Amino acid sequence: MEHIRTPKVEQVRLLERFSNKSTSGTLHLTATHLIFVESNNAATTAAQEIWILHHHIASVEKLSLTTSGCPLVIQCRNFRVVHFVVQRERDCHDIYSSLLRLLRPVSYDELYAFSYNPKQNEQQREEGWQLIDLGAEFERMGVPCDRWQLTDVNRDYKICETYPRDLYVPITASKPIIVGSSKFRSKGRFPVLTYFYQEKKAAVCRCSQPLSGFSARCLEDESMLQAISKANHNSRFVYVMDTRPKLNAMANRAAGKGYENEDNYSNIRFQFVGIENIHVMRTSLQKLLEVVGSRFLSVNDYLLGLESCGWLRHVKAVVDAAIFLTKAVTVEGASVLVHCSDGWDRTAQVCSLGALLMDPYYRTIKGFMVLIEKDWISFGHKFADRCDQLDGDPKEVSPVFTQFLECVWQLTEQFPQAFEFSEWLLLQIHEHVHSCQYGNFLANNQRQREELQLGDRTHSLWAFLLREQQNYLNPAYCPTYADTHPVLEPSTLPCHFKFWRNMYHQFDRSMHPRQSVLKNVLTLKESNCKLEDTIKDLEARLQKHGISPPTPDPQASPRDQRILPTRPHSLILEAPLSRKEAQRQQEEEEEEVGEEVTECCSDTERTVEGSSGTERKESYSDLQGTYGAKAEPAVVSLEFGVARMTC
Amino acid sequence: MEFAELIKTPRVDGVVLRRPFLPTVEGTLCLTGHHLILSSRQDNTEELWLLHANIDAIEKRFVGSLGTIIVKCKDLRVIQLDIPGMEECLNIASSIEVLSTLDSVSLMYPLFYRPMFQVIEDGWKSFLPEDAFKDLESMTEEWRLSDVNKDYSVCSSYPPLVAVPKDVDDDTLRKAAAFRHGGRFPVLSYYHKKNGMVMMRSGQPLTGTNGRRCKEDEKLINATLRAGKRGYIIDTRTVSVAQQAKARGGGFESEANYPQWRRIHKAIERSSILQESLIKLVEACNDQSHSMDRWLSKLEASNWQTHVKEILTTACLAAQCIDREGASVLVHGTEGTDSTLQVTSLAQIILDPACRTIQGFQALVEREWLQAGHPFQQRCSQSAYSNSKPRCEAPVFLLFLDCVWQILRQFPCSFQFSQHFLVLLFEHTYASQFGTFMGNSASERSKLNLSQKTVSLWSWVNRPQEVERLSNPLYEANCLVIWPSVAPQSLLLWEGVFLRWKRSSRCLDEAYDEMVHIIQYNKELQNKVNNLRRQLAQLETEEPLLQTP
């Protein structure tokens, strides 16, 4: 609190980003949030509130004084951009300097996760942390088995401090081989198993680059790869995927690092896939945001900007690499070793995306969490550095994880029935990777997390998301889709990659569709469940009157048949048409009965910040010039500065 | 001329049809006067029936004696036919070339087509101007229906009946017509019930370089203004284009002569540029290269999305003048048959909920495009693949449909129809068995006596099963004005048309079916609950004794 000089400033104007509209209100500064409360509104509509978590603020900029006041521009990591005009310069400066201090925490203890208290008891909190068990996950894959075993070499983080304690290696890889191999790999990140494709006994392994320089070799490392190769009888060789562009990998040789020499390793097939490094990705996204953030953007500038920033090209490169990995494993049955430089950015992207394509489990809500926990959190993607959790080196910041989420989104667009979750889950995870509200993504690796005792001092995001999971369901999800399409084969034609408006313009409501199909269908689907219960209840009551329901449980049939992969074209229309018609006529005679029913499915308001809200009752407002302008919804209640859904 | 003379080889066996994402079919190829048919002569396999009129261009290739014809269709589909025998292949190719480019209207398919379905309601009579005017009469008495153009002598592209201000007599109309391009004097396009404001459309005024004026024209459009009110003239051309038009006898309304009107210039491109844009866009979409940069730069260079944005923006402007400013609007470009109609029809989609229904949208197309004299035959005689030099071809109507689709995407619950309806209209404007889009104006259609000799598309669309297919399951009547976003980030490429043949749509179709299923199932459950409640209520009133334990 000592950093807050002015907790409250009145008569602050909030300028709309893409129009000339503005609203005025009061700005509050708390220990955790910056809050704007709209004031001028009449009693008819509830005042708009914007809650911005300090951790979400990427930059604060004080522009030069104008006649109307002192402008303050705040850019957030969730891509919200707010532009305030504060009347008095001194107030503006106070807010500015307080924010500057607040948005750069110097120690982990200052992060919100350590003070966040969602009114849970200790037991619930602990259960939250036990939801995901990676040991069980490897068991699900079929590991340990006769070829792969759990090794305890890293029990005390002695071999590699950025790896988890539990690691899986080929049975034939002895401890000396592991130790020797780890010494030959950057940061000690030796080849370990991350995904096991049981059907073909093919493994996806990950590591960092070898310290080969121009000529160095390491017999243990060569044996390690040999062991990986031997563990798979389906293929005589193992693919080694270097996810970097060839030029970058070659440049690394000068620094004593580099890539595997095919002559030294027997039975490997070496392949570069050309994903750019974290610096290129950071600049690319910055450029993208600059382009789409400009006002009165023309279509041509937009498309040229999309092209020149290269962001979609990079996204496609990651998806292309994941497809390569998937094909090698599922079609050829070969094991693949994936690495980049340190093996925690591009490697994590490619391994996790590949697993998502290969294994339907990861396309469920729980499975997706497991995937992130495994390939990102436990294998040491440096969330603290990449997401700038503490005041650190700006060159370490990079949207690698955001890019992964976008790749997943691109896939959900191509396969609308394959994923149990909708993009709301992706947006929500992205929100919390930066919010530092939950412990999951804090720090850079498991060892640091243990030191911080996150399991004892913070809450788990997964528990929160699972509790609210009905909001993240994809209504078009078909569980049996996995039977017909166990492996996804996305198209990589460039026209199938789209700009993710709901991510990068999440808070620019004017750009979104005004009515949401997703929300509507989700609501209907929920209502269907309730109606089924109501029917059961009514039938039970009717039975008391001695009337038994017609035909064995007819209301269950459409649901069951929906699960069949090849459903007749319009089953619901063909089967009970005559009876339905009859019912309709009866209903028309008795209007009042119908009204009761519609109640239970109608006014369940669902507001996701950024995702479109449906507004029916009021007129759609507009603005001269942009037409993109849409007033903020009457009620956007944000709790903890975080997109919240209210049902 | 007999078709038989043009068909050198009517039948070839052993032809293989290849289409993207569909299994290849081997069978017999037959050429008839109007169709290219490929049938495997087995049950359960799909037959290909392709209208010659749908063929935009063909390419021939030979490998040994195996010939290949690549057929590029106006609906943007590309198919490949492998034909054994060089002579057969050459014959088929030359026959297709001739048959697909027949100029004679009297040989067009709609004149030969006999419907296989029962016509319940004759589409030719579904949307008569008299009926539309009855609705207007119920709202206002300030307008009348004039038959000044009953023999098409005043304006060849107008229908016989047009709505004009009540106080303006036919003589004035004739004089105003002489002052407007193509005789297209200002007529009523839309009456905004909410505030009584109107939208009119016309051709450009023929002011020429020396600034001619026409008192009758001024009187005509001023008659639509309320006392003391100003109106807006939306000129769909830029100022410089409008200036240049003066040299060719055209021009725009000067402030001096039209002091009660404020003129706004927008920049909707002329038809030749739009055609070029379509060709480039389709080429970009067909590019098989996997380079993202190449795709984005080609998409950008096509300018298609820019045209969509311009048209939508102008339509929003017109709608805003009417609804927000409470002013009347006159829209024109040069001829008043292309960009003008895009703007007036889209403004109505935005303002008028009725236009968002299946029937209402047909009425809009009938009123604002067909009756208003959009030259469909000229504009749609070639599509994006044609090698011959475009004459009057332009995707003006397709752009309109694209804009409607953009609004539909942004308000997915406010339209009674789904994108299937828009795609269907796109297909039928380029090649159809129905007479609806034949000819260039009402007068041409009446000369050809199409309403007697052909079947209307609306007769087919308005059958219950077709209405069902075209319906939007999410539709909930929305009586509000709907303002679309025109930010580039909000505008999407219309995949349903431009990428339709470039990918398997199975995943998306199945997801759509699933959504329809959820909605239908919901309705069914609600009915069932109602039914049970009613049953229960009856029982409980009949047997109150059972209620007491």
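Since the model is a prediction, treat every value here as computed from it, not as a measurement.

### A word on the environment of A:Leu193
Residues and elements named next belong to chain A.
Right, on to step 1. Turning to its location among the elements, Leu193 is positioned in strand 10 (residues 192-197).
Right, on to step 2. Linking Leu193 and Gln349, residues 156 residues apart in sequence, is a C-alpha distance of 15 Å.
Right, on to step 3. Those residues in contact with Leu193 that lie beyond four places of it in its chain are Phe138, Val143, Trp148, Tyr168, Ala203, Val204, Cys205 and Phe379.

### Here we look at the UniProt feature "coiled-coil region" (unreviewed entry) in chain B
Right, on to step 1. Feature annotation in UniProt assigns "coiled-coil region" (unreviewed entry) to the following positions: residues 515-542 of chain B.
Right, on to step 2. Measuring from the first to the last C-alpha atom of residues 515-542 of chain B gives 41 Å, for a span that is 100% helix and 0% strand.

### Details of helix 4 (residues 175-183) of chain A
Right, on to step 1. Inspection of helix 4 of chain A places A:Ile177, A:Ile178, A:Gly180, A:Ser181 and A:Ser182 among the buried residues, and these make up the whole buried set.
Right, on to step 2. Contact partners of the buried residues in helix 4 of chain A: strand 8 (148-151), strand 9 (167-170) and helix 5 (219-230) of chain A.

### Section: the packing of aromatic side chains
Right, on to step 1. Scanning all chains against the criterion turns up 53 aromatic pairs over all chains.
Right, on to step 2. Ring centres 4.9 Å apart and planes at 65° place the aromatic pair A:Phe383 and A:Phe441 in the edge-to-face group. Residue A:Phe383 is found in helix 12 (residues 383-386), and its partner A:Phe441 is found in the loop between helix 14 (423-435) and helix 15 (446-451); the two are separated by 58 residues along the sequence. The same class applies to A:Phe383 as to A:Phe441, namely buried.
Right, on to step 3. Three or more aromatic residues joined by ring pairs form one cluster here, namely B:Phe127, B:Phe361, B:Trp369, B:Phe376, B:Phe397, B:Phe400, B:Phe415, B:Phe417, B:Phe421, B:Phe437 and B:Trp458.
Right, on to step 4. A:Arg140 extends its terminal NZ or CZ atom over the ring of A:Tyr362, reaching a point 5.3 Å from the ring centre.
Right, on to step 5. Against the face of A:Phe237 rests A:Arg269, its NZ or CZ located 3.9 Å from the ring centre.

### Quick word on the packing of helix 9 (residues 304-323) of chain B against helix 13 (residues 396-410) of chain B
Residues and elements named next belong to chain B.
Right, on to step 1. With their axes 10 Å apart at the nearest point, helix 9 and helix 13 run at an angle of 75° to one another. The angle between the axes of helix 9 and helix 13 places the two elements in the roughly perpendicular class. Each of Trp304, Gln305, His307, Val308, Ile311 and Leu312 in helix 9 lies in contact with helix 13, whose residues at this interface are Leu398, Leu399, Asp402, Cys403, Gln406 and Ile407.
Right, on to step 2. Tallied by class, the residues present in the contact of helix 9 with helix 13 amount to eight nonpolar, three polar and one charged.

### A word on the UniProt feature "binding site: substrate" (unreviewed entry) in chain A
All names here are of chain A.
Right, on to step 1. Here, UniProt's "binding site: substrate" (unreviewed entry) annotation points to Asn277, Ile278, Cys340, Ser341, Asp342, Gly343, Trp344, Asp345 and Arg346. A maximum C-alpha distance of 12.1 Å among these annotated residues, which run over 70 residues, shows that they cluster at one spot.
Right, on to step 2. You can see Ile278 is positioned in helix 7 (residues 278-293).
Right, on to step 3. We classify Ile278 as buried; its relative accessible area is 12%.
Right, on to step 4. Residue placement: Asp345 occurs in the loop between strand 14 (335-339) and helix 10 (346-358).
Right, on to step 5. Look at Asp345 and you get buried, because its relative accessible area is 7%.

Reading the values: rules and limits
- Residues numbered from 1 in each chain as written.
- Chains lettered and ligands numbered in written order.
- Predicted model: local features only at pLDDT ≥ 70, side-chain atom pairs only at ≥ 80, totals over all residues.
- Heavy atoms only, no water.
- Helix = DSSP H or I, 4+ residues; strand = E, 2+ residues; numbered from the N terminus.
- Contact = heavy atoms within 4.5 Å.
- UniProt positions renumbered as here; feature names shortened; annotations may be inferred.
- Buried < 20%, exposed > 50% of the residue type's maximum accessible area, 1.4 Å probe, protein only.
- Phe/Tyr/Trp six-rings, centres within 6.5 Å; stacked < 30°, edge-to-face > 60°.
- Lys NZ or Arg CZ within 6 Å of the ring centre and 35° of its normal.
- Axes fitted to C-alpha atoms, helices over the stretch in contact; angles between N-to-C directions.
- Parallel < 35°, antiparallel > 145°, perpendicular 65-115°, else oblique.
- Nonpolar A, V, L, I, M, F, W, Y, C, P; charged D, E, K, R; others polar.

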